[in-house]
Amino acid sequence: MQRRDFLQFGGAALGGLLMPAFARAIEVDELLKPVSNQFRKALADTALSAATGAGASYCDVRIGRYLNQFISTRDLNVENVANTESAGVGIRVVANGAYGFAATNDMSPDSVASAARQAVAIAKANAKLQTSPLQLAPVKGVGEVSWATPIKKDWRTVAIQEKVDLLIAANKAGMEGGANFMQSVMFQVNQQKYFASTDGSYIDQDVHRLWMPISATAVDQKTNKFRTRQGLSAPVGMGYEYLDARPEDKVKAAGGVATLYKNSYDLIADARACGASARQKLTAKSVLPGKYDLVLSPEHLWLTIHESVGHPTELDRVLGYEANFAGTSFATIDKWESKKFKYGSEQVNIIAEKTAQGSLGGVGYDDEGVKTKRWDIIKDGILVNYQATRDQVHMLGQTESHGCSYADNWSSVQFQRMPNVSLAAGKKRMTPDEMVKDVKKGIYIIGDGSFSIDQQRYNFQFGGQMFFEIKNGKIGEQLEDVAYQSNTQEFWNACSATCDERDWRMGGSFFDGKGQPSQSSAVSHGSSTTRFNGINVINTARKIA
């Protein structure tokens, strides 16, 4: 890296999120070493045979190789570069109507067979305490199939020097734009997942994800006041081609106040804009609290969707079986059974899926071997479904899994995880600028920020990155200290308009936590720019005497 300093990195906490169980540091050339399907199929058959021989009525085997590369920079320095690999076998069985799970990183036939027998022993022990047997929705075996994230450029083939140079160039651009400090990070993930089950499936999947978060900090040297601005990239299920910025993928925000991105990303241009925006925030007008019509960009709205729709419609939370990280849910079964619970206005159509190209949740099959699909959660404002797995759908009177089971590593047991959950685009042709024209008193919000939500996913508060006053149909000056407060049902029923599909984009969470022990998943949320009327806005800098 020539004369650049390698610091004891402050990005360790972020890098640690990419260190799964039993991970080891590896040389960069090891990232491209393949594992043969012949070896994995033989190993899977060993596990299936050992499990059924020990008394399992069902068994699935996940053989995983999880590769990660993490690069962190600050200003003109490289803080850390790490390549990690975690490989092993996770075996889940059903015996006497109960689950058992065991895993091993020793991928010898004897060790895998032993783990399978251990899983059966655990299931039989669990069965003695279980009041009713598991009910698994049927899944037809698919034989030998494969699926891969559609990529044009594999991040593993791009030299680390090239990536470091790009991040340092972005930091330099941000400081030239007005920032005193810049930080940029590159997360790169490749999950090589092989699934086999006694249903007759042998599924090979090659999953790629990428994310480049950046942050600019500007400081007023006279007052020591500082402001930050995060980048506007979306974490994606794509290859390194996402960083080959194309002019046609640049989207002008309403009023031309920012450049947004769809399908590709100009890291250096956005870093320069971050620096300038952070500097502008230092002198922006502090918001006057009150009721406003909010115009929310997809770069902001994804997080509100995630917290107020995604988590509360996870069936295990609804039933009270899961409460870690995000609590349970106000969207209880009786509301769904009524067939008339008004979650939002008629403008609100929420879709769940794990099929969208470029999304973080996009795969061909979930971690129970179920082919992924698309389904409605909210239709014309009415709650019509939840997110459920093979062992849950019978509780809804349904016979087919939704295909949203996931484990973050071979050593973790799979369970219900959020699919991509998105707000459908509006049917009426409308651009963000046209939406703003009808707003008398409002605020246009771009980018996600801090948030708070209660343990029923009901009362909440959200901030953002950039805020612009809307007055009599025109976007005016930049605002600061903005956060809006509402409750989930009130907020979504205040939705009055959504721009059409031309404006639809995805944001998402690269690290979404759930479970005990904790697991992390990645999930996307799409929307078009959307209007919400009469939402309470507070001033976050206001002090109570």
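Residues numbered from 1 in each chain as written. Predicted model: local features only at pLDDT ≥ 70, side-chain atom pairs only at ≥ 80, totals over all residues. Heavy atoms only, no water.

1. Points about the overall build of the chain
Filter applied, for reference: Strands are runs of DSSP state E lasting at least two residues, helices are runs of H or I lasting at least four, and both sets are numbered from the N terminus onward. The globule rule used here is 2.2 Å times the number of residues to the 0.38 power, and the radius of gyration it is set against is calculated over C-alpha atoms. Here, two residues are considered to be in contact whenever any of their heavy atoms come within 4.5 Å of each other. The protein chains shown are the only cover counted for residues, whose accessible areas, like all others here, come from Shrake-Rupley with a 1.4 Å probe. Two residue types count as positive, namely Lys and Arg, and two as negative, namely Asp and Glu; His and chain ends fall outside the count. Where a charge lies is defined by one atom per residue type: Lys uses NZ, Arg uses CZ, Asp uses CG and Glu uses CD.
A count of helical and extended segments in the chain gives 10 helices and 29 strands. Relative to the compact-globule value of 24 Å for 545 residues, the chain shows a C-alpha radius of gyration of 24 Å, a close match. Based on the C-alpha atoms only, the size of the chain along its principal axes is roughly 70 × 65 × 45 Å. At a minimum sequence separation of 6, the contacts of the chain that also span at least 24 residues come to 75%. Split by element, the accessible area of the chain, about 22,100 Å² in all, is 50% carbon and sulfur. Positive and negative side-chain charges of the chain, numbering 61 and 58 respectively, have mean locations separated by a distance of 4 Å.

2. Things to note about the packing of aromatic side chains
Here is the rule we go by: Centre distance within 6.5 Å is the pairing criterion for rings of Phe, Tyr and Trp, where only the six-membered ring of Trp is used; planes under 30 degrees apart are then read as stacked, over 60 as edge-to-face, and the remainder as tilted. When a residue's accessible area, from a 1.4 Å probe over protein chains only, is under 20% of the maximum for its type it is buried; when over 50% it is exposed; and in between it is partly exposed.
Applying the stated rule across the entire model yields 23 aromatic pairs. Each ring, one from Phe 460 and one from Phe 462, has its centre 5.1 Å from the other, and the planes form 70°; the classification is edge-to-face. For Phe 460, a relative accessible area of 4% corresponds to the buried category. Judged by relative accessible area, which is 2%, Phe 462 ranks as buried. Judged by centre distance (5.5 Å) and plane angle (80°), the ring pair of Phe 460 and Phe 491 falls under edge-to-face. You can see Phe 460 sitting in strand β22 (residues 459–462) and its partner Phe 491 sitting in helix α10 (residues 488–493), a full 31 residues away along the chain. Accessibility assignment for this pair places Phe 460 and Phe 491 in one class, buried. Three or more aromatic residues joined by ring pairs make a cluster, and in this case those are Phe 451, Phe 460, Phe 462, Tyr 484, Phe 491, Trp 492 and Phe 532.

3. Examining the pairing of strand β7 (residues 201–211)
Test applied: Here, strands pair whenever DSSP counts at least two bridges between them.
Among the 11 residues of β7, 9 are classified as buried, and the element is accordingly described as predominantly covered. Relative to β7, strand β5 (residues 143–148) runs parallel, the two being bridged by 6 bridges. If you follow Val 145 over to β7, its bridge partner there is Ile 203. Bridge count for strand β6 (residues 181–197) against β7 is 10 bridges, and the pairing is antiparallel. Pairing of Gln 191 across the sheet is with Val 207, part of β7. A loop of 3 residues connects β6 with β7, the two strands running antiparallel in sequence, and Gly 200 in this loop sits at a positive phi of about 100°.

4. Let's talk about the environment of Ala 352
By the element assignment, Ala 352 lies in strand β14 (residues 350–353). Spatially, the C-alpha atoms of Ala 352 and Leu 423 are 9.1 Å apart, while their sequence positions differ by 71 residues. The contact partners of Ala 352, leaving out residues within four places of it in the chain, are Lys 373, Arg 374, Trp 375, Ile 377, Pro 419, Asn 420 and Val 421.

5. Comments concerning unusual backbone geometry
A cis amide bond links Gln 516 with the next residue in sequence, Pro 517, at an omega value of 0°. You will see that Asp 75, though not glycine, has its phi angle at about 55°, which is positive. Checked against the element boundaries, Asp 75 lands in the loop between β2 (58–74) and β3 (77–95). One non-glycine residue with positive phi stands out, namely Asn 472, at about 50°.

6. A few points about the environment of Trp 336
Looking at the element boundaries, Trp 336 is found in helix α8 (residues 333–337). By relative accessible area, Trp 336 is classed as buried at 14%. Considering only alpha carbons, one finds Trp 336 and Leu 383, 47 residues apart in sequence, at a separation of 5.8 Å. Excluding its chain neighbours within four sequence positions, the residues that come into contact with Trp 336 are Leu 383, Val 384, Asn 385, Tyr 386, Leu 396 and Gln 398.

7. What to know about the nonpolar core
The condition is simple: Think of a nonpolar core as a cluster: buried Ala, Val, Leu, Ile, Met, Phe, Trp, Tyr and Cys residues, connected wherever their side-chain atoms sit within 4.5 Å.
Within the largest apolar cluster, 50 residues are counted, with the highest numbers of intra-cluster contacts made by Leu 294, Tyr 343, Ile 443, Tyr 484 and Trp 492. For this core, the leading source of residues is helix α6 (residues 298–310), giving 5 residues. Contact partners of Ile 443, with chain neighbours within four places excluded, come to Val 287, Tyr 292, Asp 293, Leu 294, Val 295, Phe 467, Phe 468, Ile 470, Leu 479, Val 482 and Val 537. Among the nonpolar cores identified, the runner-up in size contains 32 residues, and Val 158, Ile 168, Ile 214 and Ala 234 belong to it.

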